[in-house]
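Given next are the chains, with one letter for each unit.
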Amino acid sequence: MEEDGKKVSGCGLLVLYNNIFRRGTASSSPGHPTSAAESPKLTASDSKRRRAASDEASLLVPANASHLPVAPAPQNPKAVAPGYLKASGRPAGASAGNAGRARNLGLSAELDSMINDHQRSKGSSTLVRASSGNVMVFSNLGNIRAPGAVTPNRNVLDFLPKTASEKGGIPDSNQGPRYTNGPAGHAPNSSAVEVPAPEGLCRALSKRLEPEELKEMGNEEYKKGRYAEAVALYDRAILIDPDKASYWSNKAAALMAMGHLLEAVSDCREAVRIDPSYARAHRRLATLYLRLGDAEKAIHHFKLARNETTSEDISQVHRLQTHLSKCNEARKLRDWHSVLKEARSAVSSGADSSPQIVAAHVEALLALSRQEEAEATLNCAAKFNIDASTKFFGASRSARLLSIRAQIHLAAGRFEDAVAVAQKAAQIEPSSREVGAVARKTRAVASARLTGNDLFKASKFREACVAYGEGLDHDPQNAILLCNRAACRSKLGQWEKAIEDCNAALTMRPSYTKARLRRADCNAKLERWEASVQDYQALIDQLPGDEEVGKALSEAQRQLKKQRGEGIIMDTKAGANFVCVTNKAQLEQFTMAPGVTVALVFNKSSQLPSQTIPFMEKMSEQHPSVNFLKMDLSQSPSLEEYGGHGPVAFKVYRNGSMVKDIDGLDHEQLESSLRALGK
């Protein structure tokens, strides 16, 4: 690129690139960025405005760019003008004699305006303006700095939105249909690891490219899956020539790939406004409306797409209309199974990002007491900015989805979030009785839970039980309140009622560990050992490595066998923790449990020294927390594999693993080993 007859290095344009492209890809309207030669007057306040907020020029500094180096105002007032004359690039207010030079300033004039905006908005700077070509460059390329100034070496891609591959995938849910998750307006991650600027982007900065060249570069980035970079290049082409429909349409395609559907709709609308006969843009817009659940607009644009539309496209939209109609009818009848079926069919018909369908799907799951599945479905759905969603879909639909989100928060125990979201929904649609009822319910339930918690902490269990019950009057399926009331009833010795509350809580949320643990404990207190063992075994899977759960399971299993009269035969001459085992299952019951177990293993009773049994009895009394076992291999063939090298042996186990194999005559070593393990 030539400026005033001098060639300017392309790498020196990194600052300009950062200020042009460091704006993310979110927009709520298409906008009309103008070319450099047609930039309207800019002010300091304008420099903080987002690209899509108006038809202002896009040579604006982001509001969050306060950390960028800024040049002070030049002493010569003629060097920098506050704006430009349309179509000429001449600084506003410049004399006619300077008009020819102003036409040739090009990029330098743009930089002068940007520097002046920075100076007026920030008031100070560590950079001074370079005199050659009016180009600001980084310190390692010859930057002219004020004394003591430090200019960091920034990568231009730090200020681009991250691509989908860089942000990472959204976890899939195995339950229900798959929705597209693409948060609109997602800001770049400022803490991201720096990556080298692509060669193509450097070429775009190194010289003034034609908009068609920029579009082709954007197409190449799109093919490589670098959608954010493609958007940046399409934006640059639009900046130069905003009246080319293909630039807007291609940018919409990249935004679609990033999951920014509402912004993509805005850009497609701009493309078909510029060229109403642009069939490909109409088809792209129809596809967007289909995904967002607006069947009527989808059909309209599919028809305008003419040869770009297939008969299957029209059939797909008609299927969506049918499923939406049936879903609405089933919801009026409160036939939640049918609502669930039709919502899933609508998603399969292409409406994978429709808030209306998501709301119906999640509402049906909540009504069917499938709270965890409802939460997973909502988490996997597309997320939109509340204001943008309200503007696009309307206040009624936006408020309804927020109300359902509030109910999900309530069911999961996020009471404060539930109240805040429900209140926001009521503000968006104050005339809706349904939304207002949800807001009142969330406040009542949250208040009852807070009161109950305070009473429970004060050991006022009866009063706390009543408070939780009042909350359940408003939300009978709230698993958190049911579990809390079960805790109160357990403290009051009302084991049966506590188990009933835990059963109800686990029906709503099968993975609710606190409710399962409480039910297992209540069943143990009622000596229902089989039910207790089942719950503890499930908890072992949910909480692997939890020693308390392991000990509780071991005790429940021991009591169950004792209750059934199976397996364990207590040695009448030994202590309560000295038992005789006769099969492998009994042995593993003790050795696999947390803690220490000592097994006395011998082949025949006649070979057992007379002092060994009295010694084991003594040890069992001195170490009550240790399990002592007696294993006569001659009487238990299934235990032969556990035999030692000699006729008598002590085998020491800890937390499921054997740690010592001691000769049966070496009593001192066993004693020292137990002392060491007990520390």
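Everything below is about the structure printed above this text.
Calculation criteria
Residues numbered from 1 in each chain as written. Predicted model: local features only at pLDDT ≥ 70, side-chain atom pairs only at ≥ 80, totals over all residues. Heavy atoms only, no water. Axes fitted to C-alpha atoms, helices over the stretch in contact; angles between N-to-C directions. Helix = DSSP H or I, 4+ residues; strand = E, 2+ residues; numbered from the N terminus. Parallel < 35°, antiparallel > 145°, perpendicular 65-115°, else oblique. Left-handed = near helix turned anticlockwise from the far one by under 90°. Contact = heavy atoms within 4.5 Å. Nonpolar A, V, L, I, M, F, W, Y, C, P; charged D, E, K, R; others polar. Buried < 20%, exposed > 50% of the residue type's maximum accessible area, 1.4 Å probe, protein only. Pairing = 2+ DSSP bridges. Salt bridge = Lys/Arg side-chain N within 4 Å of Asp/Glu carboxyl O.

Colleague: What should I look at first to understand the packing of helix 23 (residues 513-525) against helix 24 (residues 529-542) in this one?
Modeller: Two measures define how a pair of helices packs: the angle their axes make with one another and the distance between the axes. Remark: helix 23 packs on helix 24, axes separated minimally by 8 Å, with the N-to-C direction vectors making an angle of 150 degrees. The orientation of helix 23 with respect to helix 24, classified from their angle, is roughly antiparallel. Where helix 23 crosses over helix 24, the handedness of that crossing is left-handed. The residues of helix 24 that touch helix 23, namely those facing Thr513, Arg516, Leu517, Arg519, Ala520, Asp521, Asn523 and Ala524, are Trp529, Ala531, Ser532, Asp535, Tyr536, Ala538, Leu539 and Gln542. Classifying every residue of the contact of helix 23 with helix 24 by side-chain character gives eight nonpolar, four polar and four charged.

Colleague: Help me out: how do you make sense of the pairing of strand 5 (residues 596-602) in this one?
Modeller: Moving residue by residue along a regular strand, the side chains alternate between the two faces of the sheet. Among the seven residues that make up strand 5, seven are buried, leaving the element largely enclosed by the rest of the structure. Neither face of strand 5 is open: one carries Val596, Val598, Leu600 and Phe602, the other Thr597, Ala599 and Val601, and all of them are buried. Note: strand 5 against strand 7 (residues 648-654), seven bridges, orientation antiparallel. Paired with valine 601 across the two strands is alanine 649, which belongs to strand 7. The pairing of strand 5 with strand 6 (residues 627-632) spans six bridges and is classified as parallel. Each residue of the ladder has a partner; that of threonine 597, found in strand 6, is asparagine 627.

Colleague: Looking at this model, I keep getting lost on the pattern of salt bridges. Mind explaining?
Modeller: Where charged atoms of side chains with opposite charge meet at close range, the side chains can pair. The full count for this structure, using the stated rule, is 28 salt bridges. Between aspartate 313 and arginine 283 there is a salt bridge, with the nearest N and O atoms lying 2.8 Å from each other. Placement of the pair is aspartate 313 in helix 12 (residues 311-332) and arginine 283 in helix 10 (residues 279-291), with a sequence separation of 30 residues. Given the relative accessible area of 7%, aspartate 313 is considered buried. Residue classification places arginine 283 among the partly exposed positions, given a relative accessible area of 25%. A salt bridge links glutamate 416 to arginine 449; its shortest N-O distance comes to 3.5 Å. Placement of the pair is glutamate 416 in helix 18 (residues 415-428) and arginine 449 in helix 19 (residues 433-457), with a sequence separation of 33 residues. We classify glutamate 416 as exposed; its relative accessible area is 55%. In the salt-bridge network here, residues are joined through shared partners; they are Arg331, Glu363, Arg400 and Glu434.

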